[in-house]
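Now for the letters of each chain:
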Amino acid sequence: MLPAHRQGAYRLRFDWGPAGAAALIEDCDVAVVVDVLSFTTTLTVALDGGVSVYPYRWDPASAAGYAAERGATVAVGRSRAVPGDVSLSPGSVRAAFGPGRLADTRGNRLVLPSPNGSALSFGLAEAGVEVVGASLRNATAVARWLSARGGAAWPPRVAVIAAGERWPDGDIRPGLEDLWGAGAVLRALGALGEEAASPEARAAAEAFAAAEGDLWDRLRDCASGRELVDKGFGDDVDIAAELDTSAVVPLLRGEAFVDAAS
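Notes on the structure in this doc start here. Since the model is a prediction, treat every value here as computed from it, not as a measurement. (Residues numbered from 1 in each chain as written. Predicted model: local features only at pLDDT ≥ 70, side-chain atom pairs only at ≥ 80, totals over all residues. Heavy atoms only, no water.)

1. Section: the packing of helix α2 (residues 39-48) against helix α4 (residues 90-97)
The condition that has to hold: To get an axis, fit a line to the C-alpha atoms, keeping to the stretch in contact for a helix; angles then go from 0 to 180 degrees between the N-to-C directions. Helix numbers and strand numbers start at the N terminus; a helix is a DSSP run of H or I with at least 4 residues, a strand a run of E with at least 2. For classification, angles of less than 35 degrees are called roughly parallel, those exceeding 145 degrees roughly antiparallel, those between 65 and 115 degrees roughly perpendicular, and all remaining angles oblique. The contact criterion used throughout is that any non-hydrogen atoms of two residues lie within 4.5 Å.
Contact geometry of α2 with α4 gives a least axis separation of 9 Å together with a crossing angle of 10°. The orientation of α2 relative to α4 falls into the category roughly parallel. For the pair α2 and α4, the contacting residues are Thr41, Thr42, Val45 and Ala46 in the first and Pro90, Val93 and Arg94 in the second.

2. Topic: the packing of aromatic side chains
This is how the line gets drawn: Two rings belonging to Phe, Tyr or Trp (six-membered ring only in the last case) form a pair when the distance between their centres is within 6.5 Å. Interplanar angles under 30 degrees mark stacking, angles over 60 mark edge-to-face geometry, and anything in between is tilted. Burial classes: relative accessible area under 20% of the type maximum marks a residue as buried, over 50% as exposed, and values in between as partly exposed (1.4 Å probe, protein chains only).
This structure, assessed with the given rule, holds five aromatic pairs. Ring geometry for Tyr56 versus Phe122: centroids 5.3 Å apart, planes at 70°, classification edge-to-face. Here Tyr56, found in strand β3 (residues 52-56), pairs with Phe122, found in helix α5 (residues 117-124); they are 66 residues apart in sequence, far enough to count as distant. Residue Phe122 is classed as partly exposed on the basis of its relative accessible area of 29%. Cluster of aromatic residues (ring-pair linked, three or more members): Tyr56, Tyr66 and Phe122.

3. Observations concerning the nonpolar core
Quick reminder of the rule: Throughout this description, the term nonpolar core refers to a set of buried Ala, Val, Leu, Ile, Met, Phe, Trp, Tyr and Cys residues connected via side-chain atoms within 4.5 Å.
If you look at the biggest cluster of nonpolar residues, it comprises 44 residues, and the most contacted ones within it are Phe14, Val32, Leu186 and Leu219. Discounting residues that sit within four places of it in the chain, Val32 has contacts with Val132, Ala134, Val142, Leu146, Val158, Ala159, Val160 and Ile161. Judged by nonpolar contacts, the second largest core, of 33 residues, contains Val86, Leu88, Ala96 and Leu112.

4. A few points about the pattern of salt bridges
Selection criterion: When a carboxyl oxygen of Asp or Glu is within 4 Å of a side-chain nitrogen of Lys or Arg, the pair counts as a salt bridge.
Applying the stated rule across the entire model yields 14 salt bridges. Across the pair Arg70 and Glu69 runs a salt bridge whose closest N-O atoms are separated by 3.1 Å. The exposure class of Arg70 is buried, given its relative accessible area of 16%. Each of Asp48, Arg94, Arg137 and Glu242 takes part in a single network of salt bridges with overlapping partners.

5. What to know about the pairing of strand β10 (residues 250-253)
Our working rule: Here a strand pair is declared whenever DSSP counts at least two bridges between the two strands.
Where β10 lies against strand β11 (residues 256-259), four bridges are found, and the strand directions are antiparallel. Considered in β11, the bridge of Pro250 is made with Asp259. Hairpin connection from β10 to β11: two residues lie between these consecutive antiparallel strands, with Gly254 at a positive phi of about 65°.

6. A closer look at the packing of helix α7 (residues 176-188) against helix α8 (residues 199-211)
To keep it simple, the criterion reads: All amino acids are sorted into three groups, where Ala, Val, Leu, Ile, Met, Phe, Trp, Tyr, Cys and Pro are nonpolar, Asp, Glu, Lys and Arg are charged, and the leftover types, Gly among them, are polar.
Where α7 meets α8, the closest approach of the two axes is 7 Å, and the angle between their N-to-C directions is 105°. On the basis of their axis angle, the class for α7 and α8 is roughly perpendicular. For the pair formed by α7 and α8, the contact residues are Leu179, Trp180, Gly183, Ala184, Leu186 and Arg187 on the first element and Ala201, Ala204, Ala205, Ala207, Phe208, Ala209 and Ala211 on the second. Partitioned by chemical class, the residues of the contact of α7 with α8 number 11 nonpolar, one polar and one charged.

7. Overview of α7
Quick note on the threshold: What a helix is expected to span follows from its residue count: subtract one and scale by 1.5 Å.
Over its 13 residues, α7 runs 18 Å from end to end, which matches the ideal 18 Å to within 8%, given 1.5 Å per residue. In terms of burial, α7 is a largely internal element, 10 of the 13 residues being buried. Listed as buried for α7 are Glu177, Asp178, Leu179, Trp180, Gly181, Ala182, Gly183, Ala184, Val185 and Leu186. Remark: Gly190 follows α7 within two positions and exhibits a positive phi of approximately 90°.

8. Structural notes on the side chain of Arg173
What counts is decided by this rule: Working convention for charge: Lys and Arg count positive, Asp and Glu count negative, and His plus the chain ends are omitted. N or O atoms closer than or at 3.5 Å make up a polar contact, with two conditions inside protein: a donor-capable atom paired with an acceptor-capable one, and, for residues adjacent in sequence, both atoms drawn from side chains.
Tracing the sequence through the fold places Arg173 in strand β9 (residues 172-173). Here Arg173 occupies a buried position and makes no salt bridge, while the nearest side chain of opposite charge, Glu227, is found at 4.1 Å. Reaching out from Arg173, the side chain makes a polar contact with the side chain of Ser224 at a distance of 2.9 Å. In this view, Arg173 contacts Gly164, Glu165, Arg166, Trp167, Ala223, Ser224 and Glu227; residues no more than four positions away in its chain are not counted.

As structure tokens, then:
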């Protein structure tokens, strides 16, 4: 890893995927994981309903056993879900765990596997940094929590990591939705006018500022949004576009995300 790639001269940093996280977190205080379509959006919906979320790698063969050991519901693959199932779809989580809908048989724990944001969070769990989940729904809430946490040393050393998607060969496919989600957090942290923000972090904040005025349309029209709309999950894109409607701050404590703002 080249020192120049670590953005070590800056307290606000931005990069992509597991390799980007590895580059940035060595001397960081907090890693903010962003996976707008859909892990971190679904994460905020779950925490809005009072549900703790266990991130997990994308391994359906072992996820059920992992969930059973923790007395948790396990989310199935979005494309495999039938009515009543909980999946990575934020709409399914809202239907199952929304206010007034938490069934006694489900409990308040959810194992939420995904190949990108959840796997990234799972991998960061033992990295020695605090791990926070952010989406467009809670970007400002996360920024406010980070600012308060920094105290006299504001801003804390923050690595904002866009999870991205995957090409068929497994390589990271940068997704505009995650660039905008990361940029929303960074702009709320003041990256546009902050000398402590890396050029990468400022560029992400600029990208969000340019998209904010027609965010719903852009989300539905970007590659990841079109993919979900074409598969019949347009409602999930709409939920992801609910800018700053959630006040939760998902903080990874032990194995599970809980709301640090509560």
